[in-house]
Structure formats: structure tokens, C-alpha cells
Amino acid sequence: MDRLAASLLDAPVVEKEGYHYFVHPVTDGVPLLEPALLREIVVGIVRRADLADVDKIVAPEAMGIHISTAVSLATDIPIVVVRKRGYGLEGEVAVSQVTGYSESEMYVNGIDADDRVVVLDDVYSTGGTLAAITTALEEIGADIADVVVAIRKVGGEKALADSPHEPTSLIDVDVVDGEVVIVDGDGSG
């Protein structure tokens, strides 16, 4: 994860309502996301995730989409995007998402009971998004094979702490004195 680590060390940090937030191509779409960086992340996810017999990749809108699309292309596993807008389709499940800096509704479509899924996202910070999605998937009756994120921000309370769905990460970081610090370069904790 050399490219990912180097790009994180260069990431600017902004404060939003007391929350220190790093701005990065993987988590925010700015600055430019280089193909080599995305490729490194995809290879890391494919090597680390439990993808055996997975029926669908589940990704939250918006920043989980690019990673999940690339993983789908590498594995031929289809994607279901958890949307920020409801469509009222049969079987749609509303999810209440609370993160460190926002509250909103998200909507799950296209997941059936007994689907074996892997949840992919860009970052695990507070865990609010992933907790909401995994709860909805459990309520639907899906089998959650794995939850994998590119980046885990350490510190603070995590909504999935002590959960069977604590995500695996490719790299763990913290924000110290306004700068990103690599805590664990391979996300092994």
C-alpha cells in the first residue's frame, strides 16, 4: 500500500464542526485519483476480502462506488449501490445513517434474503454508514461475508466496535496536529 500511504501523508486536513477530516482522492474524489492508486487498492481488497461464493458487492453512494466498480471488474461480482434517494421499489429498505458530520437516509434495493454479500467502502471513520448498511442487510437476511474499507481512521468511538462486521482495512491512519499519520501500513491492527 505504498501509493496509498504516500497519498494519505500528502492529504490536506480540514475541520468540520469539530471533526478533523482528511481530503483524499479515494474518500472525496479530489484531488485527481490516479489509476495506479485505484489499482493498488483493488488488488489489496481482492487479496484481503473473503470473496468466496459472494453474490453481490454492496457499496454506499457515493465514494464506495468507484472502488466497488473496479473490484467488480476484477472479480465479475455485480454491484448493488446503497442510494441516498429512495425509488419506492418493491423490497426497498430505508436506512438511517449517522456519521461524525451528517445524518441522512439511505436506501437498499436489489438484495434478497440469503444473498452472500461483501460490503466495500472508502473509509471507516465513525462507522455510522457501515453500521446502518450492515444492520439493513441483516434485517433483509443477507449473509455478510466481509466488510472491507480502503482506509480506517483510528480513534474515537466506532459504531461497529465489537460487531461481527468490524471492517478489514488496507491501511489505518489518524489525524494528529492537523496531519495524517500512518498508524498501521497494512491495516492488520
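Refer to the structure above for everything that follows.
Residues numbered from 1 in each chain as written. Predicted model: local features only at pLDDT ≥ 70, side-chain atom pairs only at ≥ 80, totals over all residues. Heavy atoms only, no water.

### Section: the sheet that holds strand β3 (residues 56–60)
Ordered in space as β4-β3-β7-β8-β9-β10, the six strands form an open sheet in which the pairing is mixed. Two strands in the sheet have a free side with no partner beyond their single neighbour: β4 (79–82) and β10 (179–184). Strand-to-strand twist across the sheet, computed as the mean angle between neighbouring axes with direction ignored, equals 30°. Both β3 and strand β7 (residues 116–124) contribute to a ladder of three bridges, which runs parallel. Residue K56 lies in a different strand from β7, and its bridge partner there is V117. Sheet strands touched by helix α5 (residues 128–140): β3, β4, β7 and β8 (143–153). Its angle to β7, the strand with the most contacts, is close to 170°. (Pairing = 2+ DSSP bridges. Helix = DSSP H or I, 4+ residues; strand = E, 2+ residues; numbered from the N terminus. Axes fitted to C-alpha atoms, helices over the stretch in contact; angles between N-to-C directions. Contact = heavy atoms within 4.5 Å.)

### Observations regarding the nonpolar core
Core analysis: the biggest nonpolar cluster contains 30 residues, and L4, L8, F22, I41, I45, I67 and I151 have the highest contact counts within it. Put simply, the parts of the chain that give this core at least two residues each are α1 (2–9), α3 (35–48), α4 (65–75), β7, β8 and β9 (168–176). It is α3 that provides the largest number of residues to this core, a total of five residues. Filtering out sequence-adjacent residues up to four positions away, I45 remains in contact with I67, V71, L120, V148 and L170. Among the nonpolar cores identified, the runner-up in size contains 23 residues, and V82, V108, A132 and V147 belong to it. (Core = buried A, V, L, I, M, F, W, Y, C linked by side-chain atoms within 4.5 Å. Buried < 20%, exposed > 50% of the residue type's maximum accessible area, 1.4 Å probe, protein only.)

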